[in-house]
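Now for the letters of each chain:
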Amino acid sequence: MTATPDLRTATTASPDLLRSVFRQHAAGVAVITARGAAPVGFTATSLTSVSAEPPVISFGIGLGASSWPVVSEAEHVGVHILGEHQQDLAATFAKSGADRFGEPTRWHEGPEGVPVLDGVLAWMVCRVIARVPAGDHRIVLAEAVFGDPAGTGRPLVYHQGRFNGLRD
């Protein structure tokens, strides 16, 4: 059941308003990786399919993110769709200062040298085609060049500040 909007309680736009509104938006969970002197990666709920022909995706990354310096220079990135069994992996890649590629994370070097995570529902290696300024973030546009959609399981979703399994 949805409520009828009460315009008397509307507030002026702010970062807190945006965060509060998007807590109501369930989103799929992905991990983006890139190769640098050491591999980097982060959890993203901003992954979007942009175009089928050519196959282009987008995601957002904050300029203050520890992964940004590598992603800002990377020619290719890895895009991984997580399953509900990977809540711990999502949390590891979301945590600042975590050893994201140490145990128990399982991964291997994939096409173009990009780190590819094991056990995900699907993955792609994408060639970065643009980085678009958007406030304190960049929107990265990337074209898929390799991938595998053959993982098994149900998707992990992010809602109300928590990772959850998809319910029927």
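Structure: see above.
The text that follows walks through the structure, step by step, so that each part is easy to find. Predicted model only: the values in this text are computed from it and were never measured.

Describing the overall build of the protein
For the protein, the helix and strand inventory stands at three helices and twelve strands. Compactness check: the protein gives a C-alpha radius of gyration of 17 Å against a globular reference of 15 Å for 168 residues, within 12% of the reference. Counting only C-alpha atoms, the protein reaches 55 × 35 × 35 Å along its principal axes. For the protein, buried positions account for 36% of its 168 residues.

Thoughts on the sheet that holds strand β1 (residues 27-28)
Taken in spatial order, the three strands make up an open sheet running β1-β11-β12, and their pairing is antiparallel. Looking at the sheet topology across the chains shown, the edges are occupied by β1 and β12 (162-165). Examined bridge by bridge, β1 and strand β11 (residues 156-159) share two bridges and lie antiparallel to one another. Looking at β11, one finds that Ala-27 is bridged to Tyr-158.

Looking at the layout of surface pockets
Approximately 1,200 Å³ is the volume attributed to the largest pocket. Lining the largest pocket are 30 residues, with Thr-43, Thr-45, Ser-46, His-137 and Tyr-158 positioned closest to its centre. Counting residues per element, the ones that place at least two in the lining of the largest pocket are α1 (15-23), β3 (40-44), β5 (56-62), α3 (87-94) and β10 (137-148). Partitioning the lining of the largest pocket into residue classes produces 13 nonpolar, twelve polar and five charged. In terms of residues, the lining of the second largest pocket owes the most to one element, α3, which gives three residues. Classifying every residue of the lining of the second largest pocket gives three nonpolar, four polar and three charged.

Points about the nonpolar core
Ranked by internal contacts, the top residues of the largest apolar core, which has 19 residues, are Phe-59, Val-71 and Val-77. Among the elements of the structure, β2 (30-34), β3, β5, α2 (68-71), β6 (76-81), β9 (122-134) and β10 are those that each provide at least two residues to this core. Beyond its immediate chain neighbours, meaning those up to four positions away, Val-71 contacts Ala-34, Phe-42, Phe-59, Ile-61, Arg-131 and Val-140. Within the second largest apolar cluster, 15 residues are counted, among which are Val-29, Val-31, Leu-117 and Trp-123.

Some points on the environment of Ala-134
In this structure, Ala-134 sits in strand β9. With 71 residues separating them along the chain, Ala-134 and Leu-63 place their C-alpha atoms 9.9 Å apart.

A word on the packing of aromatic side chains
Inspection of the entire model under this criterion finds four aromatic pairs. Between Phe-93 and Phe-101, the ring centres sit 5.3 Å apart and the planes meet at 85°, which makes this aromatic pair edge-to-face. For the pair Phe-93 and Phe-101, one class covers both residues: buried. Looking at Phe-101, the relative accessible area reads 13%, which means it is buried.

As for the pairing of β6
Successive side chains on a regular strand alternate, one facing one side of the sheet and the next facing the other. Counting buried residues in β6 gives five out of six residues, a clear majority hidden from the surface. Looking at chain direction, β2 and β6 are connected through four bridges and run antiparallel. Residue pairing across strands places Thr-33 opposite Gly-78, the latter belonging to β6. Sheet topology places β6 next to β9; six bridges connect them, and they run antiparallel. Looking across to β9, one finds that Val-77 is bridged to Cys-126.

Quick notes on the rules
Residues numbered from 1 in each chain as written. Predicted model: local features only at pLDDT ≥ 70, side-chain atom pairs only at ≥ 80, totals over all residues. Heavy atoms only, no water. Helix = DSSP H or I, 4+ residues; strand = E, 2+ residues; numbered from the N terminus. Rg over C-alpha atoms; globule rule 2.2 N^0.38 Å. Buried < 20%, exposed > 50% of the residue type's maximum accessible area, 1.4 Å probe, protein only. Pairing = 2+ DSSP bridges. 1 Å grid on protein atoms, 1.4 Å probe; cavity = no way out; pocket = protein on both sides within 12 Å on 5 of 7 lines; lining within 4 Å. Points joined across faces, edges and corners; volume = space filled by probe spheres on them. Nonpolar A, V, L, I, M, F, W, Y, C, P; charged D, E, K, R; others polar. Core = buried A, V, L, I, M, F, W, Y, C linked by side-chain atoms within 4.5 Å. Contact = heavy atoms within 4.5 Å. Phe/Tyr/Trp six-rings, centres within 6.5 Å; stacked < 30°, edge-to-face > 60°.

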